Amino acid sequence: MFVVNLTTFDLVIIGAYLAVMMALGLALASRNRNQEDFFFAGRSMSWPFIGFSLFATNFSSSGRASRPRWQDPRLQAAAIVVAILVIVIAFR
């Protein structure tokens, strides 16, 4: 069985991180006036940033660690094609 022993210092770091993330989320939440602002960044992002975001999402290290089947080059190529299609469709 796997046992985790967290010290007081560990708990303080985790608590501080959660507090900062919560404060940041509450401070930036007022910028979203509607659902389009939330999901599409107000349609103000340029295509390179959208493409990099899709690429990073498809090939992130946590995604590859949890899904070893992505080692197959054919699936990686398919993911790139899907990312390109999403960008093309987004700007139609």
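Residues numbered from 1 in each chain as written. Predicted model: local features only at pLDDT ≥ 70, side-chain atom pairs only at ≥ 80, totals over all residues. Heavy atoms only, no water.

Each helix and strand in the chain was counted, giving five helices and zero strands. Scanning the chain from its N terminus toward the C terminus, one meets helices and strands in the order α-α-α-α-α. Within the chain, the proportion of its 92 residues that are buried is 9%. About 8000 Å² of surface is accessible on the chain, with carbon and sulfur atoms providing 69% of the total. (Helix = DSSP H or I, 4+ residues; strand = E, 2+ residues; numbered from the N terminus. Buried < 20%, exposed > 50% of the residue type's maximum accessible area, 1.4 Å probe, protein only. Areas by Shrake-Rupley, 256 points an atom, 1.4 Å probe, with all protein chains shown as cover.)

Among the surface-exposed residues, Phe-2, Val-4, Leu-6, Leu-11, Ile-14, Tyr-17, Leu-18, Val-20, Met-21, Leu-24 and Leu-28 lie close enough to one another that they form a single nonpolar patch of about 1100 Å² accessible area. As for its placement among the helices and strands, Leu-18 is situated in helix α1 (residues 8-29). Since its relative accessible area comes to 53%, Leu-18 is described here as exposed. (Patch = residues over 30% accessible without salt bridge, like charges linked within 9 Å, V, L, I, M, F, W, Y side chains within 5 Å. Salt bridge = Lys/Arg side-chain N within 4 Å of Asp/Glu carboxyl O.)

The topology assignment puts Ile-87 in helix α5 (residues 73-90). Residues Ile-87 and Ile-50, spaced 37 residues apart in sequence, show a C-alpha to C-alpha distance of 7.3 Å. When near neighbours in sequence (up to four residues on either side) are disregarded, Ile-87 contacts Ile-50, Gly-51 and Leu-54. (Contact = heavy atoms within 4.5 Å.)

Below, the discussion takes up the environment of Ser-30. With respect to the helices, strands and loops of the structure, Ser-30 is situated in the loop between α1 and α2 (35-40). A relative accessible area of 60% places Ser-30 in the exposed class. Only 3.4 Å separates the side chain of Ser-30 from the backbone oxygen of Ala-27, close enough to count as a polar contact. (Polar contact = N/O pair within 3.5 Å; in protein donor to acceptor, adjacent residues only side chain to side chain.)

Our next topic: the environment of Phe-52. Inspection of the secondary structure puts Phe-52 in helix α3 (residues 47-58). C-alpha separation for the pair Phe-52 and Ala-83, spaced 31 residues apart in sequence, amounts to 9.4 Å.

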